[in-house]
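Chain residues, written in single-letter form:
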Amino acid sequence: MSDMRAPRNSVFGKLDRLMPIFKRDPLVAADPVTDRALVAVIAILTFLAALTACAAQFTTMTAMRWQVMMASEVTVQLKPQAGRSIDADITRASDILRGTSGISSIKVLRREESAKLLEPWLGSAASIESLPIPRLITVQIDARQPPDLAMVGKTLTDAVPSASLDDHRTWTKRLGHLSDLFLTASFGALILVVVTTGLTIVFATRGAMAGNREIIEVLHFIGADDRYIAGQFQSHFAALGVRGGVLGGGVALLLVLGLKLFIMIPDGLQSSAISEMLFLDWQIIMLTLGVIVLVSIVTGLASRLTVYRTIGRLA
Amino acid sequence: MQAFAYRSVGELVRFENVGLRYGVGAETLTDVSFSIEPQSFQFLTGASGTGKTTLLRLIMQALKPTRGTVVLFGQDTSLLEKDGLTALRRRMGIVFQDFRLLDHLTTYENVALPLKVQGRDELSYRAEVMELLSWVGLGDLIHAKPPVLSGGEKQRASIARALVAQPELLLADEPTGNVDPSLARRLLRLFVEMNRSGTAILIATHDLGLMDQIDGARRLVLADRRLYSEANDV
């Protein structure tokens, strides 16, 4: 039978030295080729699971940030109406807004700026003078003392009939739904990957135990109990699970951090950017570690259940 | 030859009207009744295919009887739980006909295995394993793995493994079947030594010459699916 230890210079050999606690027990006559294939499969599955989790985390965080941004700003739209001076309406609306508590600042978009916003639909060549282009006022909300937006909208409409207030609620809600949907899908994908990992371990454990049937029989005859024999197989496969998990999770972590670094390079690595990256990366590291721990627990449990079921049959 | 009548005081093994059938065919063993006393020495003999190995497998609980009662160390095996079975097996040493050494372990590791599976710390048994290996003439081969050992060396390693936990009962299936007469005599002396130190021995063999070397050893003979005891029963 071949030596079960991985060559010293291989990735597996290095992992052996880094993690002596997970050293494979010699009583299980493992097949190094099968073990490496299994570690590779678990590594790939962990990599996919970690990427999925990181993507879900990124999306959720970004959606939350957008929602906060959208909620901190509302827009007042003034439509040109026959017989009314839009400039007078803007001045009146601006005065009302400035006098309302809970509003930190307002900005009146110039006609050209409003036209610029419509450019994708109307084109730049269109004569804005001849079109009844609505005018916009962006309003920044004081997040600590937000105003009653329904009341502000009513006051505005009463004073300036051409004005309407858009608090972006519809968009915020849709963004929230989209974020929730993505999070649910990511969670589902994560569950599928974890289940696949468990099934892979189940089949591998059963195969290994069938291959070691004679050894199991001998161990029984010389006085080993099921717990001892199960422990040998369980620790062997748990070790493989951890190796695969660390390998896949580590590569996923490096990839995510590398991508972030790559995105930041055009702006230069300023200290604030680095500290922001370190903060976000702490969450990513925790998430990846969580995935590794989850994969390890699943591999440990799957091998334990399989070993006990199979050992009963073999005995 | 006379039909065997068992005694019931302090036996290590007791069979009462044991029958074994594989599948739906005729019984391989019929109405087997016998017992093994502590510190006794017996041969189990019979022509090839008469069920010597099957009888040993019944004792080591690799097989369950179709009928009858098997009592080991005073415990009815039909009532045994798994933990109880493990405890009984730890009181036996087994020498398999085909050695059953683990090829990926060294000679030392193979011999030390029964102590290791009991959860004993290696420091507590290393010296006694080394002493036993020297005693069976394998002191220079502790790092060798079974694939490079000769038949005789494997046989001695297998015997050492069976003896290392100082069992009360040693079962040996054709232990001299793969070795030359000179080595067979040496191995037999090993069994006699063990017997003198308190281990009951049951050797399954069809080698009459081997049996003749031990005076007073009981002979259990399997023939026509039944077990008989020869006249020189002790």
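My aim in this report is to walk through the structure given alongside it, one point at a time. (Residues numbered from 1 in each chain as written. Chains lettered and ligands numbered in written order. Predicted model: local features only at pLDDT ≥ 70, side-chain atom pairs only at ≥ 80, totals over all residues.)

## Some points on the overall build of chain B
Then step 1. Helix and strand content of chain B: 7 helices and 11 strands.
Then step 2. Counting the 234 residues in chain B, one finds 41% classified as buried.
Then step 3. Sequence-distant contacts, at least 24 apart, represent 70% of the contacts inside chain B between residues at least 6 apart. (Helix = DSSP H or I, 4+ residues; strand = E, 2+ residues; numbered from the N terminus. Buried ≥ 20, exposed ≤ 12 C-beta atoms within 10 Å, placed from the backbone. Contact = placed C-beta atoms within 7 Å.)

## Describing the packing of helix 3 (residues 107–116) of chain B against helix 4 (residues 122–135) of chain B
Residues and elements named next belong to chain B.
Then step 1. Contact geometry for helix 3 and helix 4: axes closest at 10 Å, N-to-C directions at 125°. Viewed along their axes, helix 3 and helix 4 adopt a mutual orientation that is oblique. Crossing of helix 3 over helix 4 shows right-handed handedness. Here helix 3 contributes T107, Y108, V111, A112 and L115 to the contact with helix 4, which in turn contributes Y125, V129, L132 and L133.
Then step 2. Its residues placed into classes, the contact of helix 3 with helix 4 shows 8 nonpolar, 1 polar and no charged. (Axes fitted to C-alpha atoms, helices over the stretch in contact; angles between N-to-C directions. Parallel < 35°, antiparallel > 145°, perpendicular 65-115°, else oblique. Left-handed = near helix turned anticlockwise from the far one by under 90°. Nonpolar A, V, L, I, M, F, W, Y, C, P; charged D, E, K, R; others polar.)

## Description of the packing of helix 3 of chain B against helix 5 (residues 151–163) of chain B
Residue and element names in this part refer to chain B.
Then step 1. At a minimum axis distance of 7 Å, the contact between helix 3 and helix 5 shows a crossing angle of 30°. The angle between helix 3 and helix 5 falls in the class roughly parallel. Considering only the axes of helix 3 and helix 5, their crossing is right-handed. Residue-level inspection shows T107, N110, V111, L113 and P114 of helix 3 in contact with helix 5, the latter providing A157, A160 and R161.

## Overview of the sheet that holds strand 3 (residues 135–141) of chain A
Residues and elements named next belong to chain A.
Then step 1. An order of 2-3-1-4 is seen for the 4 strands of this open sheet, with the pairing classed as antiparallel. Taken across any chain shown, the strands that pair with only one partner, and hence form the sheet edges, are strand 2 (103–108) and strand 4 (163–166). Going across the sheet, the axis of each strand differs from the next one's by a mean of 20°, ignoring polarity.
Then step 2. On top of the sheet, helix 5 (residues 149–159) reaches strand 1 (73–78) and strand 4; it is set at about 165° to strand 4, its chief contact. (Pairing = 2+ DSSP bridges.)

## As for the sheet that holds strand 6 (residues 75–76) of chain B
Residue and element names in this part refer to chain B.
Then step 1. Strand order in the open sheet formed by 4 strands is 3-2-5-6, and the pairing between neighbours is antiparallel. Among the strands making up the open sheet, the edge pair consists of strand 3 (27–36) and strand 6.
Then step 2. Where strand 2 (residues 13–21) lies against strand 3, 6 bridges are found, and the strand directions are antiparallel. Counterpart to R21 in the pairing with strand 3 is E27.

## Some details on the nonpolar core
The tendency in soluble globular proteins is for nonpolar side chains to be buried side by side.
Then step 1. If you look at the biggest cluster of nonpolar residues, it comprises 110 residues, and the most contacted ones within it are A:A50, B:A160, B:V164 and B:L171.
Then step 2. When residues of this core are assigned to their parent elements, the largest contribution, 13 residues, is made by helix 8 (residues 226–264) of chain A.
Then step 3. Ranked by size, the runner-up nonpolar core spans 13 residues in total, among them A:A93, A:L97, A:V139 and A:V160. (Core = buried A, V, L, I, M, F, W, Y, C linked by C-beta atoms within 7 Å.)

## Quick word on the interface of chain B and chain A
Then step 1. With 17 residues of chain B at the contact, the number on the chain A side is 13 residues.
Then step 2. At the level of elements, helix 2 (82–89) and helix 3 of chain B are the ones that each hand at least two residues to the side of chain B that touches chain A.
Then step 3. Tallying contributions element by element places helix 2 of chain B first for the side of chain B that touches chain A, with 4 residues.
Then step 4. The class makeup of the residues in the side of chain B that touches chain A is 7 nonpolar, 3 polar and 7 charged.

## Here's the deal with the pairing of strand 1 of chain A
Residues and elements named next belong to chain A.
Then step 1. Here strand 1 shows one buried face, formed by V74, V76 and L78, and one open face, formed by E73, T75 and Q77.
Then step 2. Bridging between strand 1 and strand 3 involves 6 bridges; their strand directions are antiparallel. Bridge assignment links E73 to a residue of strand 3, and that residue is Q140.
Then step 3. In the sheet, strand 1 pairs with strand 4 via 4 bridges, with the strands oriented antiparallel. If you follow T75 over to strand 4, its bridge partner there is D166.

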